[in-house]
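This is what each chain is made of:
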Amino acid sequence: MRIVVGMSGGVDSSVAALLLKRAGHEVIGVFMNNWEEEDENGVCTSERDWADVRAVCARIGIPYYSVNFAKEYYERVFTHFLDEYRRGRTPNPDVLCNREIKFSAFLRFAEELGADKLATGHFARIGEANGEYALLRAADENKDQTYFLYQIGQEALSMAMFPVGGLTKPEIRAIAREAGLPVSDKKDSTGVCFIGERNFKKFLSGYLPAQPGDMVTPEGKVVGRHDGLMYYTLGQRRGLGIGGSGDGRRWFVVGKDIANNRLIVQQGEDSPLLYSAACEIEDLRWLAGHAPAADGEEFACMARLRHRQPLQAARAVIHGDRARITFDTPQRAITPGQATVLYQGELCLGGGTVDTAGSAGGRSYRG
RNA sequence: UGGGGCGUGGCCAAGCGGUAAGGCACGAGACUUUGACUCUCGCACUCGCAGGUUCGACCCCUGCCGCCCCAG
């Protein structure tokens, strides 16, 4: 089989390519450069990564290419990312990036190269359920990345391969080391995919105008000033700069009053306003291509509201293009704009974007 | 300008003769393909200022400065 491997310059995708090559496939390594900008220190990480991809491919003995989807990334991912921040929400660009770039634009590029499959170094597995392709959680529960992949759909699943999804991180590093790959001990990358680790406030300020305003308690008492609502997210503690006031406990963001440009803050990690046992999600996406249950029919599942969060027992009811998720245990800082991903056993069903936390039509943090 | 109290790092706050607790904030790491949370370190050669007593003072004495309260 001819297989295109999306290579980031990291250990996971490098080992993915290695394993496919060993299995006798015709492997082509392709590096994507989707963000042409240095970080605040003038460092261009992608140069370093591209160099690593070349070194790894040379070591494995496969051809390699570099493609640039910066335009697509900006138009299909980054624009939406900024729009969400303008709305006072907290988007997850990597979820969109997988759907729009890696498993869309990049997938088409692979097909143009005559690829039968597109492989990546994601921690996830592909299986089958009811005659359809299914996305399954990774063998390494600690590294599972299905949270970022829940929007990709059947077509992508039919073409995708995740060669390292059945391995643990230590196993992957061991394989890389034995094979003499130059990236065997390279640190895992973090930060927004393709953009990298940034001083978030500084980074955002370069794209969105800041509108300072008051920080107020739920009772309306002004306790400080904020630099712009988009710089804060629900449940956030650091960066408020109002320590020492009040009863001395830590302050957390518990809401955003968009209409009045006020950030609502409260003291204490146990603030009831930070917890909610339910949420409404929108923009539903199901990996099977169709909903897991009929409209209005409640079903049990497990869910997570953020990457690496332990799965939470929940019940879901779909109604049209939205769904209501109720958790057995109240969840901390359910944040509009973030993804809620549902599971049943090893199977990742899909999910949606949090619109509001709490009861429908009741208190929300949209403002 | 009679009486009483107070002044410790950005904020709050222990210490009350033996060589500056703690919390919040902040900074740096760790964790992490979002944003966060969390964790671990770090953070006053100095205690409003100036003198004095003492082997030794943030803690005792004197003066000054600045707040607060009660009286008038």
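Overview of the structure.

The rules behind each value
Residues numbered from 1 in each chain as written. Chains lettered and ligands numbered in written order. Predicted model: local features only at pLDDT ≥ 70, side-chain atom pairs only at ≥ 80, totals over all residues. Heavy atoms only, no water. Helix = DSSP H or I, 4+ residues; strand = E, 2+ residues; numbered from the N terminus. Rg over C-alpha atoms; globule rule 2.2 N^0.38 Å. Buried < 20%, exposed > 50% of the residue type's maximum accessible area, 1.4 Å probe, protein only. Contact = heavy atoms within 4.5 Å. Areas by Shrake-Rupley, 256 points an atom, 1.4 Å probe, with all protein chains shown as cover. Lys, Arg positive; Asp, Glu negative; His and termini not counted. Charge placed at Lys NZ, Arg CZ, Asp CG, Glu CD. Near = heavy atom within 4 Å. Polar contact = N/O pair within 3.5 Å; in protein donor to acceptor, adjacent residues only side chain to side chain. Nonpolar A, V, L, I, M, F, W, Y, C, P; charged D, E, K, R; others polar. Pairing = 2+ DSSP bridges. Axes fitted to C-alpha atoms, helices over the stretch in contact; angles between N-to-C directions. Expected span 1.5 Å × (residues − 1). Core = buried A, V, L, I, M, F, W, Y, C linked by side-chain atoms within 4.5 Å.

### Focus: the overall build of chain A
Each helix and strand in chain A was counted, giving eight helices and 17 strands. Whereas a compact globule of 367 residues would reach a radius of gyration of roughly 21 Å, chain A reaches 22 Å, a difference of no more than 12%. Overall size of chain A, expressed as C-alpha extent along the three principal axes, is 65 × 50 × 35 Å. The proportion of buried residues among the 367 residues of chain A is 53%. Taking as baseline every contact in chain A between residues at least 6 positions apart, the subset at least 24 positions apart corresponds to 65%. Accessible area for chain A stands at about 16100 Å²; split by element, carbon and sulfur atoms hold 48% of it. Of the side-chain charges in chain A, 44 are positive and 47 negative, and the distance between the mean point of each set is 4 Å.

### Some points on the protein's contact with RNA strand B
RNA strand B sits among 38 residues. The nearest are His 122, Lys 143, Gly 191, Arg 237 and Gln 338. What you see for RNA strand B is that sugar and phosphate hold 66% of its atoms within 4 Å of the protein. Interatomic distance of 3.4 Å between a side-chain N/O atom of Asp 94 and a sugar or linking oxygen of RNA strand B. Interatomic distance of 3.5 Å between a side-chain N/O atom of Lys 102 and a base oxygen of RNA strand B. At the level of elements, helix H4 (93–112) and helix H5 (146–149) are the ones that each hand at least two residues to the surface near RNA strand B. A class-by-class count of the residues in the surface near RNA strand B yields ten nonpolar, 18 polar and ten charged.

### Topic: the sheet that holds strand E9 (residues 222–226)
As summarised here, the arrangement of the four strands in space is E9-E8-E11-E10, forming an open sheet in which the pairing is mixed. Edge positions in the sheet fall to E9 and strand E10 (251–257), since each has one partner strand and no second. The average angle at which neighbouring strand axes cross in this sheet is 35°, direction not considered. Where strand E8 (residues 213–216) meets strand E11 (residues 262–267), two bridges bridge the pair, whose relative direction is parallel. Counterpart to Met 215 in the pairing with E11 is Leu 263.

### Quick notes on helix H2 (residues 45–60)
With 16 residues, H2 extends 23 Å from end C-alpha to end C-alpha; this agrees with the ideal 22 Å at 1.5 Å per step. Contact partners of the buried residues in H2: strand E1 (2–7), helix H1 (11–22), strand E2 (26–33) and strand E3 (64–68). Where H2 ends, the next residue or the one after it, Gly 61, has phi of about 90°, a positive value.

### Topic: the nonpolar core
Residues Tyr 73, Phe 106 and Leu 240 are the most contacted members of the largest nonpolar core, which totals 64 residues. In terms of residues, this core owes the most to one element, H4, which gives ten residues. The contact partners of Leu 240, leaving out residues within four places of it in the chain, are Met 215, Tyr 232, Trp 251, Phe 252, Val 253, Leu 263 and Val 265. If you look at the next biggest cluster of nonpolar residues, it comprises 29 residues, including Ala 16, Leu 20, Val 53 and Leu 167.

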